[in-house]
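# Commentary on secondary and tertiary structure
Single-letter residue listing:
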Amino acid sequence: MIPAPIPVDDVQRLKALRELSILDSPPEARFDRIVQFAAGEFDMPIVLISLVDADRTWCKATVGLDSCETPREVSFCGHAITQPGLFIIEDATCDARFAGNPLVTGPPQIRFYCGAPLQLPCGAAIGTLCLIDQQPRAFNPLDQAILIALRDLVLEELGKPTQAA
């Protein structure tokens, strides 16, 4: 396993994340609807809106996962925020960065991961809208376009004030 790298702009990225005042906030229906739609659209057992903090990845909205945070160093999302586009791992057991990862070797037994970075207008990638499966799979261009559109909805919602559930 290769730990998630620290982005070169991490200080500014964390500042932008904290300015949103969304970390550790209560669930919100507007985000829950997006992950529920994505789970159905892609027939995906796990969908997350994740935010990558200094030491952890925290989930703002989830489908199929009880835990709402993981250590940043084992986080797939921590890798995804360092990439310019979609971060797609078709089979994590065949990827040296993840083969020994405890999220692959143990629960939730990740095989497929696709993360769309949540990049703010300032350029800071603060998290992802991500899809996770326990089975390897491919991700075609139409699926990629739909995920990007859903990611853009998440970004629009992040730009609005926090709402009660």
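Residues numbered from 1 in each chain as written. Predicted model: local features only at pLDDT ≥ 70, side-chain atom pairs only at ≥ 80, totals over all residues. Heavy atoms only, no water.

## Concerning the side chain of Thr128
Rule in force here: Labels follow the DSSP assignment, with helices taken as runs of H or I lasting at least four residues and strands as runs of E lasting at least two, numbered in each case from the N terminus. Think of it in three bands: with a 1.4 Å probe and only protein chains considered, a residue is buried below 20% of the maximum accessible area for its type, exposed above 50%, and partly exposed in between. Any two residues having at least one pair of non-hydrogen atoms within 4.5 Å are treated as being in contact.
Structurally, the position occupied by Thr128 is in strand S6 (residues 125–133). You can call Thr128 buried: its relative accessible area is 0%. Here Thr128 is in contact with Leu48, Ile49, Ser50, Cys77, Ala80, Ile81, Tyr113, Gly115, Ala116, Pro117 and Leu118, once residues within four sequence places are set aside.

## Description of the pattern of salt bridges
Quick reminder of the rule: Every case where a carboxyl oxygen of Asp or Glu lies within 4 Å of a side-chain nitrogen of Lys or Arg is listed as a salt bridge.
Applying the stated criterion across every chain, the model contains 13 salt bridges. Between Arg30 and Glu28 there is a salt bridge; the shortest N-O distance is 2.8 Å. In this structure, Arg30 and Glu28 share a single accessibility class: buried. In this structure, Arg97 and Asp95 form a salt bridge, with 2.6 Å as the shortest nitrogen-oxygen distance. For Arg97, a relative accessible area of 28% corresponds to the partly exposed category. Classification of Asp95 by relative accessible area gives buried; the value is 14%.

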